[in-house]
Amino acid sequence: MRNIGQAFIGVALAASVLGAQAEVGQPGRLLASNCFQCHGTNGKGPGFDSLAGKSANEIYKELKEFQSGKEGNGIMAKHTMVYTDAQMRQISTWFSTQK
Ligand code: HEC
């Protein structure tokens, strides 16, 4: 499980580097593009739970819980390790503005 999670994250990070060149400009979108591989482009699925249009506070709270390592199956705990609070706020706010 651990290795599978790491492989997923590796792929997701590689995808985000490619996405980065095209997606500068909208605050939060660049960081949020790290999530698209598993939660769908712009957080609209298909994939794991859809994030588009959820409340920013709720997403942020969930990210903090994942980061603490007490929530989830480990994939999100690993993924959230790399973000600062400010970045998680930006990501959450961006997803909340998606329909
Ligand atoms: C490698 C795949 C992967 C990536 C990348 C990923 N997630 Fe997830 N995410 C999951 C899985 C799997 C779950 C559900 C399992 C769990 O709870 O651990 C989940 C659950 C969540 C949940 C909880 C949803 C709910 O309704 O309970 C939120 C919020 C979330 N992810 C946000 C994000 C954000 C924001 C990013 C980008 C910073 C991201 N995820 C990147 C796989 C991923």
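Residues numbered from 1 in each chain as written. Predicted model: local features only at pLDDT ≥ 70, side-chain atom pairs only at ≥ 80, totals over all residues. Heavy atoms only, no water.

Participant: Teacher, can you tell me more about the environment of Gly 28 here?
Facilitator: With respect to the helices, strands and loops of the structure, Gly 28 is situated in the loop between helix H1 (2-22) and helix H2 (29-32). Since its relative accessible area comes to 7%, Gly 28 is described here as buried. Taking the C-alpha atoms as reference, Gly 28 lies 5.0 Å from Ile 91; in sequence the two are 63 residues apart. If sequence neighbours within four positions are ignored, Gly 28 has contacts with Gln 90 and Trp 94. (Helix = DSSP H or I, 4+ residues; strand = E, 2+ residues; numbered from the N terminus. Buried < 20%, exposed > 50% of the residue type's maximum accessible area, 1.4 Å probe, protein only. Contact = heavy atoms within 4.5 Å.)

Participant: Would you take a moment to explain the pattern of salt bridges for this structure?
Facilitator: Opposite charge on two side chains permits pairing when their charged atoms draw close. Within the structure shown, the criterion is met by 3 salt bridges. Linking Glu 58 and Lys 54 is a salt bridge whose minimum nitrogen-to-oxygen distance equals 3.7 Å. Of the residues examined, Lys 54 reaches a relative accessible area of 21% and is grouped as partly exposed. In this structure, the salt-bridge partner of Lys 54 is Glu 62, at a minimum N-O distance of 3.0 Å. Each of Lys 54, Glu 58 and Glu 62 takes part in one network of salt bridges that share partners. (Salt bridge = Lys/Arg side-chain N within 4 Å of Asp/Glu carboxyl O.)

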